[in-house]
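Observations on chain architecture
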There are 2 protein chains.
Amino acid sequence: MPLLVVGSVGLDSVETPHGKVEEVLGGSAVYFSWAAHFFAPVRLVGVVGTDFPKHFRELLSKRAIDTTGLEEIEGKTFRWRGRYQGNMHSATTLAVELNVFERYEPRVPATFLDSQFVFLANGLPSLQQRVLEQIRGPEFVAADTMNHWINEKKGELLEVLKKIDALILNDEEARQLTGHPNLIKAARSIQAIGPKYIIVKKGEHGAILVTPRGFFLMPGYPTEHVKDPTGAGDSFAGGVMGYLAKRGTVTEETLKQAVVYGTIIASFNVEDFSIQRLNRLTMEDIEGRKREFEAMVRFH
Amino acid sequence: MPLLVVGSVGLDSVETPHGKVEEVLGGSAVYFSWAAHFFAPVRLVGVVGTDFPKHFRELLSKRAIDTTGLEEIEGKTFRWRGRYQGNMHSATTLAVELNVFERYEPRVPATFLDSQFVFLANGLPSLQQRVLEQIRGPEFVAADTMNHWINEKKGELLEVLKKIDALILNDEEARQLTGHPNLIKAARSIQAIGPKYIIVKKGEHGAILVTPRGFFLMPGYPTEHVKDPTGAGDSFAGGVMGYLAKRGTVTEETLKQAVVYGTIIASFNVEDFSIQRLNRLTMEDIEGRKREFEAMVRFH
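Here goes a summary of the coordinates provided. Sequence order sets the numbering: in each chain, residues are counted from 1 along the sequence as written. All chains are assigned letters beginning with A, and all ligands numbers beginning with 1, in the order in which they are written. The predicted nature of this model means local features are confined to residues of pLDDT at least 70 and side-chain atom pairs, given and counted, to a pLDDT of 80 or more, with totals for whole chains, interfaces and linings taken over all residues. Side-chain numbers here rest on the full set of heavy atoms in the structure, without hydrogens or water.

**A look at the nonpolar core**
What counts, and what does not: Think of a nonpolar core as a cluster: buried Ala, Val, Leu, Ile, Met, Phe, Trp, Tyr and Cys residues, connected wherever their side-chain atoms sit within 4.5 Å. Exposure is judged per residue with a 1.4 Å probe applied to protein chains only, and the accessible area is read against the type maximum: over 50% gives exposed, under 20% gives buried, and values in between give partly exposed. In DSSP terms, a helix is any run of H or I states spanning at least four residues, a strand is any run of E spanning at least two, and both are numbered starting from the N terminus. Only heavy atoms matter for contacts: two residues are in contact if any of them lie within 4.5 Å across the pair.
The biggest cluster of nonpolar side chains holds 108 residues, and the ones touching the most others in it are A:L120, A:I164, A:L167, B:F119, B:F140 and B:L244. For this core, the element with the highest residue contribution is helix α9 (residues 252-269) of chain B, accounting for nine residues. Apart from the residues within four sequence positions on either side, A:L120 is in contact with A:V6, A:Q128, A:V131, A:L132, A:V141, A:A142, A:A143, A:D144, A:V160 and A:I164.

**Points about the environment of B:L124**
Residue and element names in this part refer to chain B. Relative to the elements of secondary structure, L124 occurs in the loop between β8 (117-120) and α3 (125-134). By relative accessible area, which is 29% here, L124 ends up partly exposed. Linking L124 and M146, residues 22 residues apart in sequence, is a C-alpha distance of 9.6 Å. Ignoring sequence-local partners within four residues, the contact set of L124 consists of W149 and K153.

**Some remarks on the packing of α3(B) against helix α5 (residues 154-161) of chain B**
All names here are of chain B. Applied cut-off: Convention adopted: a line fitted to C-alpha atoms gives each axis, helices being fitted over their contacting stretch, and angles between N-to-C directions are expressed from 0 to 180 degrees. An angle below 35 degrees is treated as roughly parallel, one above 145 as roughly antiparallel, one from 65 to 115 as roughly perpendicular, and anything else as oblique. Note: crossing handedness is left-handed where the near helix turns anticlockwise from the far helix by less than a right angle, and right-handed where it turns clockwise. Residues are sorted three ways: Asp, Glu, Lys and Arg are charged, Ala, Val, Leu, Ile, Met, Phe, Trp, Tyr, Cys and Pro are nonpolar, and all the rest, Gly among them, are polar.
Two elements in contact, α3 and α5, have axes whose closest approach is 8 Å; the angle formed by their N-to-C orientations is 30°. By the angle between their directions, the pair α3 and α5 is classed as roughly parallel. The crossing of α3 and α5 is left-handed. Residues P125, S126, Q128 and Q129 of α3 form the contact with α5, whose participating residues are E156, L157, E159 and V160. Class assignment for the residues of the contact of α3 with α5 results in three nonpolar, three polar and two charged.

**Examining the pattern of salt bridges**
For the record, the criterion: Salt bridge, as used here: a side-chain nitrogen of Lys or Arg that lies within 4 Å of a carboxyl oxygen of Asp or Glu.
For the structure on display, the rule yields 40 salt bridges over all chains. In this structure, the salt-bridge partner of B:K201 is B:D144, at a minimum N-O distance of 3.7 Å. Of this pair, B:K201 sits in strand β11 (residues 197-201) while B:D144 is found in strand β9 (residues 140-144), placing the two residues 57 residues apart along the sequence. We note that B:K201, like B:D144, is buried. Of the charged contacts, one joins B:E159 and B:K162 as a salt bridge, the two residues approaching to 3.1 Å between their closest N and O atoms. For B:E159, a relative accessible area of 35% corresponds to the partly exposed category. A relative accessible area of 53% means that B:K162 is categorised as exposed. Connected through salt bridges with shared partners, the residues A:E23, A:D51 and A:R79 form a single ionic network.

Next comes the structure, spelled out in structure tokens:
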């Protein structure tokens, strides 16, 4: 089933202990789409400026990523500059330029309105809400968020939470949103607001899937060669949602498999800058590492 | 098969957000023994002062913990005072009094010399070494260590590492010992020094078991009610070694099961101060939570 994503498309400048890149293809919707398109056709909704390089748009179009919803408007593309140091656990943001993203009024193309699976990537909650209002009866909606919106737009974020089926967020965000230091308590308290399913990302430590029935604990894949963590969370979400859209049905079983695929895709993504690693990835690579990973987590 | 442990026996004063206790039974060898005795008879080697409360010794004797090797010498018992705050991830040590531990010359009783399974709990590497020299051809020796010895006694610690089969240590210690921020690389580099098996403890995030053949990833049990994390690592090690001693053979399969039992025992231990939770624990409780945990980590 087709999968719609709305989120940022931008130019990233990133420095890690393993190198430095300037104005490469980035943004939450880009990482998400690249990860998800291995499993299902992706419909991308977002905005770029007139300076967005043509070859980046071509890169997207070569894939099963429909860019009909990628508007180009007068002005500069969204830009992010960040640095990872030491163990690369978190980025230091050196500069953010919202540019065209600041005055973006999302319009979901008519051909996208029947999307059954929808992902609201990290962004202004009111923007997430306006996209959701346009879709006609989606089957499964998931969203991501970040500390900034929890601090600045909590009321609007809570409105979004009431309308979605799943929230994908990291451990610190879960604690921040709920005030519970304990992740299980935090996840339960988010469930009480609305979303039936919570996926708490713990970076290299894996993820916890919380369903109405229970918890599922997934260790992280032990990546030995992390070059650039940018997009890890978005590619994880892309793997999760892509697999669910492929299966066309959300159950505890498909969700568990989806979290495994998300983990695998994210582990590849961090092995190179931008979408370079995902761009040379094959379904065989994914299935191979998934088998390897399943052997590592099989304890009985 | 009988399991010998050498380590500290002491009086802990601990403060956490959930309460405060003064001079309760503690020490690495105590937590280890309590966890291990559910699986195999434990032989404890350690030292206390003349002020060690009689009822603590009685508590130990009531269990399958042989205290023949627990010497009492003139002076005060080892004491530790610590505080856990916020998410309780790590303790702040407020005071340590080595007392009788400082001049302790470990003597393994004659009836303990045939111990097949040996655990050298965290302590001065030269003391670990002197215990090991006394045992006659043990089948399987594991050790723990800590940041202090890595900093202050690295040469002696490396000598111990050459003589043991397994090292159990936490993630930060693995990084500190090897200089590798990546845990898999760190574990491999410790293997190159000597121990065939490395178990890297990651607190609430679980553990990684590294064998000559590969890695096994074990998430942490999502404990909702952490009251006092003291002894989590020692009770984990006790569960691991206790189970191995019970099975009497160390293979990749028994090790994987052992890590599961270690995880379960540690998850109970942190639910109360001192050894209180372990003291009212039954084998049924352990097997029950193990089944529950296995369901949480089953992804296929």
